[in-house]
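# Descriptive structure summary
Listed here are the chains, written in short residue letters.
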Amino acid sequence: MAPDDETPPAKPTNVVVVSPILGGWSVASSFCGEPLYFYSGAQAEANARRLALTLANSGRDAHVIVNDRRNTQIGTVCYFGSD
């Protein structure tokens, strides 16, 4: 295959995970050092989606993973960066 025919490497995906913790919920991401903490799972999920959307608007792909109270994955959403 000629070098002109090669596709460019994919941009790394930023992962944002919503998980239960004692007394609330956390939003941890692969690009941020400290997780965010919330009392409500709905608040945590909304903030995770907002964070991913902000990343997508800045041109970076983001993947949100949502876990339930048993820490079982119940949902996932991908946000693709705008070029």
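Residues numbered from 1 in each chain as written. Predicted model: local features only at pLDDT ≥ 70, side-chain atom pairs only at ≥ 80, totals over all residues. Heavy atoms only, no water.

## Side note on the pairing of strand β2 (residues 24-29)
The buried fraction of β2 amounts to five of the six residues, a majority that puts the element mostly inside the structure. The antiparallel pairing of β2 with strand β3 (residues 36-38) creates a hairpin that spans six residues between the two strands. (Buried < 20%, exposed > 50% of the residue type's maximum accessible area, 1.4 Å probe, protein only. Helix = DSSP H or I, 4+ residues; strand = E, 2+ residues; numbered from the N terminus. Pairing = 2+ DSSP bridges.)

## So, the sheet that holds β3
The sheet built from five strands is open, its strands ordered β3-β2-β1-β4-β5 with mixed pairing. Only two strands of the sheet have a single neighbouring strand rather than two, namely β3 and β5 (73-79). This sheet shows a mean twist of 15° between the axes of neighbouring strands, independent of strand direction. In this structure, β2 lies alongside β3, joined through three bridges in antiparallel fashion. Paired with V27 across the strands is L36, a residue of β3. (Axes fitted to C-alpha atoms, helices over the stretch in contact; angles between N-to-C directions.)

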